[in-house]
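A structural walkthrough
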Amino acid sequence: MCIRDRLSRLAKFGLITLDFKEGRIRTKQHTIQTLEGILDAISNPYVSMLSSFISRQDPPLAITNTPSYIDKLKNDPLIAKCWEEIEQAIDSLERGNYHAALRTVLPIVERLLRDIAVQEGIAGTNKGLKALVDIVKGHKLISDRTEGLIKALGRDIELHGLDQLDIDRARFYAELSLITIIELVRDYRRHKLLHQALQKIAQQLGISTKELIKAYPENRRIVHVQFLSDTKLRITIKGKHVFEVKQENSRKLKIDKEIKT
């Protein structure tokens with residue numbers, strides 16, 4: 001059963017609302033708690049998947065037609081380095097060889113995290129996947145949602161081993177791995193945009209960039225960020241300074257005039 005089928009089943013039960021066209025997943029109140037109560041949260045992929053998928057702050061996930069979506073990213077410097085392996089994984093997935101697809105695509109997630117850490121000059125690139133996720137997230141370069149997607153990948157594999165996964169779970173995790181690759185790259189690019197914007201905004205307001213980065217995303221009284229799309233965001237500083245930020249090209253940001261609230 002593919003990810004779309006799993007999500008459709010949850011929608012049929014009334015636990016979530018789906019919009020495949022927009023890539024949106026919405027939940028009823030206490031959906032995750034309900035699922036944890038009726039399912040084996042350790043081995044059932046529903047819980048870990050939905051915990052990662054549900055977000056009202058980030059742009060919609062690429063939950064359908066992932067091969068086409070990832071093809072649009074093939075010229076991204078991070079993806080270009082491992083494009084041959086990604087093509088192999090997609091080919092295996094389309095042929096129904098889900099274990100081979102998963103075996104190919106899982107190391108790519110770790111490689112991308114390592115490449116991000118190297119590119120940003122972050123120490124600890126010799127660490128394993130879980131530690132890398134924490135390091136990259138700690139530097140405010142990915143969101144909680146992307147962290148959750150990455151950590152959800154290894155749950156069954158760590159418990160049972162890749163070769164012991166039945167074909168249904170192997171397909172599920174192979175598809176989820178491709179989605180995670182897409183979201184990792186998109187999320188990293190969004191957060192690079194955020195860092196650049198906060199630096200410019202801090203200069204305009206005469207405050208510390210480090211203060212703003214440290215406050216994100218937990219302390220919304222200091223900085224509240226809304227990712228409107230992959231290239232556009234709204235930043236509110238200390239509840240009264242609102243900025244609209246748009247990435248016009250790889251080097252240029254457009255920051256609209258401050259809006260008083």
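Read on for a plain summary of the structure. (Residues numbered from 1 in each chain as written. Predicted model: local features only at pLDDT ≥ 70, side-chain atom pairs only at ≥ 80, totals over all residues. Heavy atoms only, no water.)

A separate point is the pattern of salt bridges. All told, the structure shown has 20 salt bridges when counted by the stated rule. A salt bridge links D144 to K137, with the nearest nitrogen and oxygen atoms 3.0 Å apart. Between E147 and K137 there is a salt bridge, with its nearest N and O atoms 3.8 Å apart. Linking E147 in helix α9 (residues 144–153) with K137 in helix α8 (residues 129–138), this pair joins segments that are 10 residues apart in sequence. Residues participating in the shared-partner salt-bridge network are R145, E183, R186, D187, R190 and D230. (Salt bridge = Lys/Arg side-chain N within 4 Å of Asp/Glu carboxyl O. Helix = DSSP H or I, 4+ residues; strand = E, 2+ residues; numbered from the N terminus.)

Further remarks concern the pairing of strand β4 (residues 232–237). Strand direction decides the pairing type here: strand β3 (residues 223–227) and β4, joined by 5 bridges, are antiparallel. Among the inter-strand pairings, Q226 is bridged to a residue of β4, identified as R234. Between the end of β3 and the start of β4, which pair antiparallel, lie 4 residues. Relative to strand β5 (residues 241–247), β4 is paired through 6 bridges, and the arrangement is antiparallel. (Pairing = 2+ DSSP bridges.)

By themselves, these observations are geometric and do not establish any function.
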